[in-house]
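# Notes for the structure review
Chain by chain, the residues run as shown.
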Amino acid sequence: MDRLQAMKTFVAVVEGGGFTPAARKLDVSLSVVSRVVTELETHLGVRLLTRTTRVVRPTATGMAYYEDCRRILGEIDDAELAATGAHAAPRGRLTITASVLFGRRFVTPVVVEYLRRYPQVDVDCLFIDRVVNFVDEGIDVGVRIGELPSSSLQAIPVGQVRRVVCAAPQYLAQHGAPASPDRLVEHSVIQTTGISTLPEWRFMRDGEPHPVRLLPRMATTTNDSAIAAAVAGLGLARVLSYQIADELRDGRLQLVLEPFEPAPLPIHVIHREGRHAMHRVRAFIDLAVETLRGTASLNPAS
């Protein structure tokens, strides 16, 4: 058994979510993929994949082996590039993810600069407002806002953002600013539903969490539309500080209830590679970390 080819085949099965996608990617027959994986499991003496009629997923052992295979194959790629004198030129395809607004405002400029620097790399961007499974969706690098659950992903802090309440000057001139979160019931509220539909905003009071139930006049699934409604003077919206940096700077929106804000949310660049990340992954991480840490709206003290 060619163990290197077996590793490549197994990785292709996991990342493709099945034997057929792996066969297409490797340009071999379905029977070859099935035989190689079976031989690999026999050689190792463990079950790497759970197979059903509808899905193929790695077992716990298979997932650990998959991560090791990715690392080993990446190190081999880097060794070959170094031997040929091409180590300074990353190549291949990179898949990254971020939330929609953050991706548009901050990650896209990084991607554009990265592609200018490295013409032999192509990038797939998945900008979506949900938590993405790195393995299932073949993600190499992501940017996440908020506390991270414990996982095997590597995380590099690059900044933080505040959860803020804002309104247009004309709305505040007409209705006044709420003196405390409990006074929100007297105001027109714009609620971004997102993943949760709970009409509640959480604040801090005297060091303790202070949730406030709302009766929103407008509920929307996108931050863009909530911000537009707030700028138009409809009422108070709650967003992340980076999302309205331009509107605050030019005076179209103003902050309220700042003393009651909860703790800022951290921003991390995350990836599933270890210390020996593939060259194209490491090059993107280095550029993203440098750029995001130098962005004033994400690092106010920078």
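The text that follows walks through the structure, step by step, so that each part is easy to find. (Residues numbered from 1 in each chain as written. Predicted model: local features only at pLDDT ≥ 70, side-chain atom pairs only at ≥ 80, totals over all residues. Heavy atoms only, no water.)

### What about the overall build of the protein chain?
The number of helices and strands found in the protein chain is 9 helices and 14 strands. The dimensions of the protein chain, computed from C-alpha atoms along their principal axes, are 75 × 45 × 35 Å. Contacts spanning at least 24 positions in sequence make up 72% of the contacts within the protein chain whose residues lie at least 6 apart. Accessible surface computed for the protein chain: about 15,600 Å², of which carbon and sulfur atoms make up 52%. Separation between the mean location of the 34 positive side-chain charges and that of the 33 negative ones in the protein chain comes to 3 Å. (Helix = DSSP H or I, 4+ residues; strand = E, 2+ residues; numbered from the N terminus. Contact = heavy atoms within 4.5 Å. Areas by Shrake-Rupley, 256 points an atom, 1.4 Å probe, with all protein chains shown as cover. Lys, Arg positive; Asp, Glu negative; His and termini not counted. Charge placed at Lys NZ, Arg CZ, Asp CG, Glu CD.)

### Quick notes on the pairing of strand β9 (residues 200–205)
Note: β9 against strand β10 (residues 208–213), 6 bridges, orientation antiparallel. Each residue of the ladder has a partner; that of F203, found in β10, is H210. The turn joining β9 and β10, which pair antiparallel and follow one another in sequence, is formed by 2 residues; a positive phi near 55 degrees is taken by D206. (Pairing = 2+ DSSP bridges.)

### A look at the packing of helix α2 (residues 19–26) against helix α3 (residues 30–44)
Where α2 meets α3, the axes come as close as 8 Å, and the angle between the chain directions of the two elements is 110 degrees. The pairing of α2 with α3 is recorded here as roughly perpendicular in orientation. The segment α2 lies against α3, with F19, T20, A22 and A23 engaging L30, V33, S34 and V37. For the contact of α2 with α3, the class distribution of residues is 6 nonpolar, 2 polar and no charged. (Axes fitted to C-alpha atoms, helices over the stretch in contact; angles between N-to-C directions. Parallel < 35°, antiparallel > 145°, perpendicular 65-115°, else oblique. Nonpolar A, V, L, I, M, F, W, Y, C, P; charged D, E, K, R; others polar.)

### Quick look at the environment of G294
As for its position among the elements, G294 is in the segment after α9 (279–293). It is 9.0 Å that separates the C-alpha atoms of G294 and G159, two residues lying 135 residues apart in sequence.

### Some thoughts on the packing of helix α1 (residues 3–16) against α2
Two packed helices can be described by the angle between their axes and the distance between those axes. It is at 8 Å that the axes of α1 and α2 come closest, and there the two elements cross at 125 degrees. Judged on the interaxial angle alone, α2 and α1 are oblique. As for how α1 packs across α2, the hand of that crossing is right-handed. For the pair α1 and α2, contact is made by T9, A12, V13, E15 and G16 and by F19, P21, A22, K25 and L26, respectively. Looking at side-chain class alone, the contact of α1 with α2 contains 6 nonpolar, 2 polar and 2 charged residues. (Left-handed = near helix turned anticlockwise from the far one by under 90°.)

### Things to note about the sheet that holds strand β14 (residues 265–271)
Strands sit in the order β4-β3-β5-β14-β6 across an open sheet of 5 strands; the sheet is mixed. Two strands lie at the open edges of the sheet, namely β4 (121–127) and β6 (154–161), each paired on one side alone. Going from strand to strand, the sheet's axes swing by 20 degrees on average, the running direction of each strand aside. Sheet topology note: the strand β3 (residues 92–98)/strand β5 (residues 141–145) ladder contains 2 bridges and is parallel. Its bridge partner being in β5, T97 is matched across the sheet by G142. Each of β3, β4, β5 and β14 touches helix α5 (residues 100–117); the most contacted strand, β4, lies at about 180 degrees to it. Together, β3, β4, β5, β6 and β14 form the strand contacts of α9, whose direction differs from that of β6 by roughly 20 degrees.

### Digging into the side chain of E261
With respect to the secondary-structure elements, E261 resides in the loop between β13 (254–256) and β14. Within the structure, the side chain of E261 is placed 2.7 Å from the side chain of R162, a separation counted as a polar contact. (Polar contact = N/O pair within 3.5 Å; in protein donor to acceptor, adjacent residues only side chain to side chain.)

### Comments concerning the side chain of E200
Considering the arrangement of structural elements, one finds E200 in strand β9. Here R202 takes part through its side chain, which lies 3.1 Å from a polar atom of the side chain of E200. Those residues in contact with E200, other than ones at most four positions away along the chain, are Q191, P211, V212, R213 and L214.

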